[in-house]
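Here's the letter readout for the chains.
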Amino acid sequence: MKEKNMNQRKMSSPFVKIVDGKLNFFPLTIKETDIRILCILGKARMGKSTFLNTFVTQLEGVQPFGTQNNDEHCTRGIDYYFCEKEKILFLDCQGLALEDSSHDPDLLLFAYLVSDVIVFNERMMLQNEALKLLEPICTFMPYLEMNEKKPKLYFRISDGDMVTDVQKNLTKVIHTQYKDQYQTIRDSIQNLFHPDIGIVKTDSFDKKTKTKLQAGDYSALLEEDLGFTEAIQTLLLCLPQGKPSEKWNQDVVSYIDQINNNEKISIDKLDIVGQTGKIEILEWMNALVIYNEPLVDGTQKGYEEWVEPMKREKKEILSKFSKLFKAIPNSIKKSHQEKLVSLLNTPIQNVEKMCQEKAEEFLANWIKEAQSNQEFPIIRTDYECILYRQDVFYNQYFSVFNSLLKACEKVYLPVKLKYA
């Protein structure tokens, strides 16, 4: 009994963690031997760790993977347990599609690259939802270097009492051609994995069995006719001979580097709503005809004839943008809307600047010409001279001022206000 308690304290260890948005690898301390890798994937709280614990219980009589009955991740990243007897490295991946799922693609790609057998866990029956969860592998594997030997894919259905024929279920979801949004994923899965995609199922537990599980007695699942023994045997038989652990460890380092440093692997590519919204907005914006910048003459009339219509058109375009893309979330359209505002504002700002420069140029030339014609009053510092000629000075000053006001009448208003 003492030996059994010591064995039961054997626990899984961290294998891969997410650190600062990157995969961080914990090197294995497995002595030189051939190893075989089985990884389980699937949504959270669907019995992945329970299945692995039952698997290891049959092989070694221990339950290394943690489980809990709430909506928190029991596994963070990927944990491992090495079954020395069968030379099997079991990998337990954190639940997919729970809370922040931005790292799901990285974990899925890593699992694909390192595993000999991937068990994808589904509940009650295999459905198209499983295809969607495997989509990151189909999307991003073309950007990575693949092994010559493709991993085998097995679906495991938990609580599968209602599925009388699992092979039929597999055929309908994976091997049947449909004209739907999942067909490309079906084709990719069949291309990326070993051709012999399989499926196993286990049935639901009764209250008595659940009580035993809560007490850590996973042997109950093997003793009762729930399909665990058959499922485990099927997976054992499909595992390959294995490869040297030292070589495998070297490969893992390469896989981590590929995934962490590949800029083409972006979660945005899996955001169908976001991608569709962006495409729609960009297509509309690319087809948009923006007003041309006119050649203005620096007069207020020219400004009103050209710029005021541009401002009205800008208002209409922005209003149309808001109406057309009302259903698209602000998080998607905000940057495009800001770009559109800038696109519309730039010609208006350029024309306003041109109006100001032309008006400034006109008045500068007028002043220069007035000075050359000696129309400006000559101010002398001689006090007596100023007293003697102040009437002449004022007459000249007001004459020039009135002439300047007259010259400013037609120029662009902001410049006119500076001079008048």
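Residues numbered from 1 in each chain as written. Predicted model: local features only at pLDDT ≥ 70, side-chain atom pairs only at ≥ 80, totals over all residues. Heavy atoms only, no water.

**Student:** Where do I start with the layout of surface pockets in this structure?
**Tutor:** Empty space among the atoms becomes apparent when a probe as large as a water molecule is rolled across them. Approximately 300 Å³ is the volume found for the second largest pocket. Lining the second largest pocket are 13 residues, and of these Ser101, Lys132, Pro136, Ile267 and Leu270 sit closest to its centre. At 4 residues, helix 4 (residues 128-140) tops the list of elements feeding residues into the lining of the second largest pocket. Residue composition of the lining of the second largest pocket, grouped by class: 8 nonpolar, 1 polar and 4 charged. (1 Å grid on protein atoms, 1.4 Å probe; cavity = no way out; pocket = protein on both sides within 12 Å on 5 of 7 lines; lining within 4 Å. Points joined across faces, edges and corners; volume = space filled by probe spheres on them. Helix = DSSP H or I, 4+ residues; strand = E, 2+ residues; numbered from the N terminus. Nonpolar A, V, L, I, M, F, W, Y, C, P; charged D, E, K, R; others polar.)

**Student:** Quick question: what am I supposed to make of the packing of aromatic side chains here?
**Tutor:** Two aromatic rings, taken as a pair, are described by how far apart their centres are and by the angle between their planes. Applying the stated criterion across every chain, the model contains 15 aromatic pairs. Judged by centre distance (5.4 Å) and plane angle (85°), the rings of phenylalanine 15 and phenylalanine 25 are edge-to-face. Of the two residues, phenylalanine 15 sits in strand 1 (residues 13-19) while phenylalanine 25 sits in strand 2 (residues 22-25), which places them 10 residues apart along the sequence. On the numbers, 5.0 Å between centres and 45° between planes, the contact of tyrosine 303 with tyrosine 412 is tilted. With tyrosine 303 in helix 12 (residues 300-324) and tyrosine 412 in the loop between helix 14 (383-408) and helix 15 (413-419), this pair connects stretches of sequence that are 109 residues apart. Residues tyrosine 303 and tyrosine 412 agree in their burial class; the two are buried. Each member of the aromatic cluster is reached from another via a ring pair, and the members are Phe15, Phe25, Tyr80, Phe110 and Trp248. (Phe/Tyr/Trp six-rings, centres within 6.5 Å; stacked < 30°, edge-to-face > 60°. Buried < 20%, exposed > 50% of the residue type's maximum accessible area, 1.4 Å probe, protein only.)

**Student:** I keep staring at the pattern of salt bridges and nothing clicks. Help me out?
**Tutor:** In a structure, side chains of opposite charge can pair up when their charged atoms sit close to one another. Under the criterion given, the structure shown has 10 salt bridges. We note a salt bridge from aspartate 251 to lysine 243, for which the minimum N-O separation is 3.5 Å. Residue class for aspartate 251 comes out buried when judged on its relative accessible area of 15%. Residue lysine 243 is classed as partly exposed on the basis of its relative accessible area of 27%. Across the pair aspartate 251 and lysine 247 runs a salt bridge whose closest N-O atoms are separated by 2.8 Å. (Salt bridge = Lys/Arg side-chain N within 4 Å of Asp/Glu carboxyl O.)

**Student:** In this structure, what is going on with helix 13 (residues 330-372)? I would like to understand it.
**Tutor:** Owing to its 3.6 residues per turn, the α-helix aligns residues three or four sequence positions apart on the same side. Spanning 43 residues, helix 13 covers 61 Å between terminal C-alpha atoms, matching the ideal 63 Å at 1.5 Å per step. If you look at helix 13, its biggest bend is around 25°, right at asparagine 345, and the proline proline 347 turns up within four residues after that. (Expected span 1.5 Å × (residues − 1). Bend = angle between axes of the 7 residues up to and from the residue.)

**Student:** I tried to follow unusual backbone geometry on my own but got confused; where do I start?
**Tutor:** Negative phi values dominate among residues other than glycine, just as trans dominates among peptide bonds. For aspartate 20, which is not glycine, the phi torsion reads 55° and is therefore positive. For aspartate 20, a relative accessible area of 78% translates into the label exposed. The residue lysine 87 is not glycine, and still its phi comes out positive at about 60°. When you line up the elements, lysine 87 lands in the loop between strand 4 (78-83) and strand 5 (88-93).

**Student:** I keep staring at the side chain of aspartate 106 and nothing clicks. Help me out?
**Tutor:** For aspartate 106, the position within the fold is in helix 3 (residues 104-114). Although aspartate 106 lies buried, it forms no salt bridge, and the closest oppositely charged side chain, lysine 22, sits 7.3 Å away as judged by the N-O distance. Apart from residues lying up to four places away in sequence, aspartate 106 is in contact with Leu23, Ile259 and Ile265. (Lys, Arg positive; Asp, Glu negative; His and termini not counted. Contact = heavy atoms within 4.5 Å.)

**Student:** What is the right way to look at helix 10 (residues 245-260) in this model?
**Tutor:** Counted at 1.5 Å a residue, the expected span for helix 10 with its 16 residues is 22 Å, and the 22 Å between its end C-alpha atoms agrees. For helix 10, the set of buried residues is Ser245, Trp248, Asn249, Asp251, Val252, Tyr255, Ile256, Gln258, Ile259 and Asn260. Tucked inside the fold, the buried residues of helix 10 contact strand 1, strand 2, strand 3 (34-42), strand 5, helix 3 and strand 9 (243-244).

**Student:** Help me understand the environment of phenylalanine 193 in this model?
**Tutor:** Its place among the elements puts phenylalanine 193 in the loop between helix 6 (183-192) and strand 8 (198-201). The buried category is assigned to phenylalanine 193, whose relative accessible area is 2%. Spatially, the C-alpha atoms of phenylalanine 193 and lysine 149 are 9.0 Å apart, while their sequence positions differ by 44 residues. Non-local contacts of phenylalanine 193, meaning those with residues more than four positions away in its chain, are made with Tyr112, Ile118, Ile137, Lys150, Pro151, Lys152 and Leu153.

**Student:** Got a minute to help me understand the pairing of strand 7 (residues 152-158) in this structure?
**Tutor:** In summary, the side chains of a regular strand alternate between the two faces of the sheet. Judged by how many residues are buried, strand 7 sits mostly within the fold: 6 of 7 residues are covered. Here 7 bridges tie strand 6 (residues 117-123) to strand 7, and the two strands are oriented parallel to one another. Bridge assignment links glutamate 122 to a residue of strand 7, and that residue is isoleucine 157. A crossover connection joins strand 6 to the parallel strand 7 through helix 4; in handedness this β-α-β unit is right-handed. Sheet analysis places strand 7 next to strand 8, joined by 4 bridges and oriented parallel. Within the sheet, the bridge partner assigned to isoleucine 157 lies in strand 8 and is lysine 201. (Pairing = 2+ DSSP bridges. Right-handed = clockwise from strand over helix to strand, strands pointing away.)

**Student:** Would you explain the nonpolar core in this entry?
**Tutor:** Ranked by size, the top nonpolar core spans 59 residues in total, and within it Phe15, Phe110 and Phe155 carry the most contacts. The element that contributes the greatest number of residues to this core is helix 3, accounting for 8 residues. Ignoring anything within four residues of it in the chain, the contact list for phenylalanine 110 reads Phe15, Val16, Leu23, Ile78, Val252, Tyr255, Ile256 and Ile259. In this structure, Trp284, Ile348, Ala370 and Ala407 belong to the second largest nonpolar core, which totals 30 residues. (Core = buried A, V, L, I, M, F, W, Y, C linked by side-chain atoms within 4.5 Å.)

By themselves, these figures tell us nothing about what the structure is for.
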